[in-house]
Number of protein chains: 2
Amino acid sequence: MSKVKRKPKRLVNKPLNRQKLIQATLDSIVDVGIENTSVTEILDKAKLSRGMINLHFDNKESLLLEALKFYTDIYNQTFYKQLESVKTASPAFKMQTMVAHDLDICVLNRDYVVIWYEFRGKARTNELYRQYTDTRYKRFRDTYYSICTELVKAEPLQGVSSKSIAHGLITMIEGMWIDFYLHSDSFKRSAAKKTFFIYLTALFPSQFTHKGALK
Amino acid sequence: MSKVKRKPKRLVNKPLNRQKLIQATLDSIVDVGIENTSVTEILDKAKLSRGMINLHFDNKESLLLEALKFYTDIYNQTFYKQLESVKTASPAFKMQTMVAHDLDICVLNRDYVVIWYEFRGKARTNELYRQYTDTRYKRFRDTYYSICTELVKAEPLQGVSSKSIAHGLITMIEGMWIDFYLHSDSFKRSAAKKTFFIYLTALFPSQFTHKGALK
DNA sequence: GATTATAATGAACAATTGTTCATTATAAAA
DNA sequence: TTTTATAATGAACAATTGTTCATTATAATC
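Residues numbered from 1 in each chain as written. Chains lettered and ligands numbered in written order. Predicted model: local features only at pLDDT ≥ 70, side-chain atom pairs only at ≥ 80, totals over all residues. Heavy atoms only, no water.

Colleague: Can you explain the overall build of chain A? Please cite residues and give values.
Modeller: Within chain A, the secondary structure is distributed over nine helices and zero strands. Overall, chain A shows an N-to-C arrangement of helices and strands of α-α-α-α-α-α-α-α-α. Here the C-alpha atoms of chain A give a radius of gyration of 22 Å, more than 25% beyond the 17 Å that 2.2 N^0.38 yields for 215 residues. Overall, chain A is about 80 × 45 × 30 Å in size when its C-alpha atoms are taken along their principal axes. Per-residue burial for chain A yields a buried fraction of 49% across its 215 residues. (Helix = DSSP H or I, 4+ residues; strand = E, 2+ residues; numbered from the N terminus. Rg over C-alpha atoms; globule rule 2.2 N^0.38 Å. Buried < 20%, exposed > 50% of the residue type's maximum accessible area, 1.4 Å probe, protein only.)

Colleague: Kindly report on the interface of chain B and chain A, identifying the contributing residues and their values.
Modeller: Interfaces are often sized by the accessible area lost when the parts come together. The partner chain A presents 42 residues to the 43 residues of chain B that form the contact. Of the roughly 3600 Å² buried between chain B and chain A on both sides combined, carbon and sulfur atoms contribute 57%. Counting across the interface, chain B meets chain A through six salt bridges. For the salt bridge of E118 of chain A with R124 of chain B, the shortest nitrogen-to-oxygen distance reads 3.0 Å. (Contact = heavy atoms within 4.5 Å. Buried area = accessible area lost by both parts, 1.4 Å probe. Salt bridge = Lys/Arg side-chain N within 4 Å of Asp/Glu carboxyl O.)

Colleague: Go over the relation of the copies chain B and chain A with me, naming the residues and quoting the values.
Modeller: The two copies are related by a screw operation: chain B maps onto chain A through 180° of rotation and 0.0 Å of translation along the axis, at an RMSD of 0.0 Å. Within this description, the copies of the chain are treated as partners about a two-fold rotation axis. Mapped onto chain A, 98% of the interface residues of chain B are again interface residues, and the two copies thus contact each other with one and the same surface. (Least-squares fit on C-alpha atoms with pLDDT ≥ 70 in both.)

Colleague: If you had to explain helix α8 (residues 162–182) of chain B to someone new, which residues and values would you point to?
Modeller: With 21 residues, α8 of chain B ought to run about 30 Å at 1.5 Å a step, and its terminal C-alpha atoms sit 30 Å apart, in line with that. In terms of burial, α8 of chain B is largely enclosed, as 19 of its 21 residues are buried. (Expected span 1.5 Å × (residues − 1).)

Colleague: So, the domain arrangement of chain A: which residues are in play, and what are the values?
Modeller: Residues and elements named next belong to chain A. According to the domain assignment, chain A contains domain 1 (13–67) and domain 2 (89–213). Averaged C-alpha coordinates put domain 1 and domain 2 at centres separated by 32 Å. Each side of the interface is counted separately: domain 1 has nine residues, and domain 2 has ten residues. Surface buried jointly by domain 1 and domain 2 totals about 880 Å² across both partners, of which 75% is contributed by carbon and sulfur atoms. When the area that domain 1 buries against domain 2 is broken down by residue, the three leading residues are V30, I34 and L65, summing to 57%. At the boundary of domain 1 and domain 2, one finds three residue pairs in polar contact (both at pLDDT 80 or more). Going through the elements one at a time, α1 (13–32) and α4 (60–85) are the ones with two or more residues in the side of domain 1 that touches domain 2. Grouping the amino acids of the side of domain 1 that touches domain 2 by side-chain chemistry returns seven nonpolar, one polar and one charged. (Domains from an automatic or database assignment. Polar contact = N/O pair within 3.5 Å; in protein donor to acceptor, adjacent residues only side chain to side chain. Nonpolar A, V, L, I, M, F, W, Y, C, P; charged D, E, K, R; others polar.)

Colleague: Any chance you could break down unusual backbone geometry for me, citing the residues and the numbers?
Modeller: One non-glycine residue, K47 of chain A, lies in positive phi territory at about 55°. Within the secondary structure, K47 of chain A sits in the loop between α2 (39–46) and α3 (52–56).

Colleague: Talk me through the environment of S164 of chain A; I want residue IDs and the actual numbers.
Modeller: Within the fold, S164 of chain A resides in helix α8 (residues 162–182). Owing to a relative accessible area of 8%, S164 of chain A belongs among the buried residues under this scheme. Sequence-wise, S164 of chain A and Y145 of chain A are 19 residues apart; in three dimensions their C-alpha atoms are separated by 9.4 Å. In this structure, S164 of chain A is in contact with K194, T195, I198 and Y199 of chain B, ignoring residues within four places of it in sequence.

Colleague: Pulling in residues and values, what's your account of the environment of R50 of chain B?
Modeller: Residues and elements named next belong to chain B. Relative to the helices and strands, R50 is located in the loop between α2 (39–46) and α3 (52–56). For R50, a relative accessible area of 55% translates into the label exposed. Residues R50 and V39 lie eleven residues apart in sequence; the distance between their C-alpha atoms is 7.8 Å. Those residues in contact with R50 that sit more than four places away from it in its chain are V39, T40 and L43.

Colleague: Got a sec to walk through the confidence of the model for chain A? Specific residues and values, please.
Modeller: Here chain A averages 91 in pLDDT, while 93% of its residues score no lower than 70. Counting interchain partners and residues more than four positions distant, the pLDDT-below-50 stretch residues 1–6 of chain A has zero contacts. (pLDDT = per-residue confidence, 0-100.)

Colleague: Describe the pattern of salt bridges, naming the residues involved and giving the relevant values.
Modeller: Note on pairing: side chains with opposite charge can pair once their charged atoms come close. Residues and elements named next belong to chain A. Applying the stated criterion to the full structure yields 24 salt bridges over all chains. Salt-bridge contacts for E150 lead to K94; the nearest nitrogen and oxygen are separated by 2.9 Å. With a gap of 56 residues between them, E150 in helix α7 (residues 127–154) and K94 in helix α5 (residues 91–102) connect regions that are remote in the sequence. Through salt bridges with shared partners, a single ionic network connects R18, E66 and K69.

Set out below in structure tokens:
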């Protein structure tokens, strides 16, 4: 008789505590590194009891993967938002916008970069991590390749493929991130941007200027 | 009476087993990552008994540090040998030589790069590791800065500091290493070299050509 | 207020970590 | 050959790892 309906109950705090665990995991990675991020460490930070990780996630590994997923989503969202906003603009403006994004404080900040490299350090020996890090990397690379192709079309260079040029630029951005990761204290966002535009101007003098502005 | 002299004995195999442990540690880092490099893993690889790490080194941490030291010495030796060999050459030739070294298979190979990034991943939270990785990085950077200064002196660029140029080049080399680390299967040494020389030629057209040769 | 579904707890678990040290093996010196 | 110094062994250790699950707490429904 009373078997009419048993609806879900008490789901108010569950998603909240789930998110707490993800945040505590990311905090722990920043504080003590992914290597020393134990369940004890995470639960101390989240101020939750010992069984919570295995209640909300199957195991510690799943929690770490969800944290990585949550993290990469942030970058993807801002990256694509920027890309969308310059869809019809000139290639030079596209390049300027995307470089500005990748050197912006909302993406190139201490915590953010640390988390990225901690996860990617484990990606080599962890198939699942590699999936996420490689996907992000591919999108990032494809975007810059595409913009470089447009730049070369607008201003052809003799005997130089747009592929090679894109390769160099992508490599440089990656190097900038590493530079920030290693020396975030002395790293100067403006200097990085300037350096970047020196190289762009050397290759495409009719589309850029050293000062980072467009022609 | 018989207290005349007690000379050291049986020191034949000790250094040999010590080196075995260092090599097994590096092998383990390549195989399973520094995170999963346990004493059990190392000793299995070295085919030595359980107590050996604490006999030859104070503890596991010391062994890892000695392995890092052994590793960085290899790079430093070849790097300085090359640098010494071009001491009196033109800046362009110096640049060509050092880039060739840093993209050469004896330094840019799978095992070598993996070990480097595994250690550097831990360097952020490990003061001692950081000392070694930072020292190597500083030497590397100083060398390229110095060569760039010479290049700019030979061919001044208006409104562009040699510091910025060096910054870009160093950043690109670092990025090439990362690229190799992440995609050693598809990485093409020749393509990397070519890309590098495109940028050098764009900046210093009277000292380089796209083909990687000197003018 | 009583019932019920489930979120949260934390003691207990087996497995693995790095380290210790009494014991054994071995090569050089007496 | 005997003695001696020390290199090597591996069982035993305490500490820490991630996971389990019987118990308790709590909010929605009856």
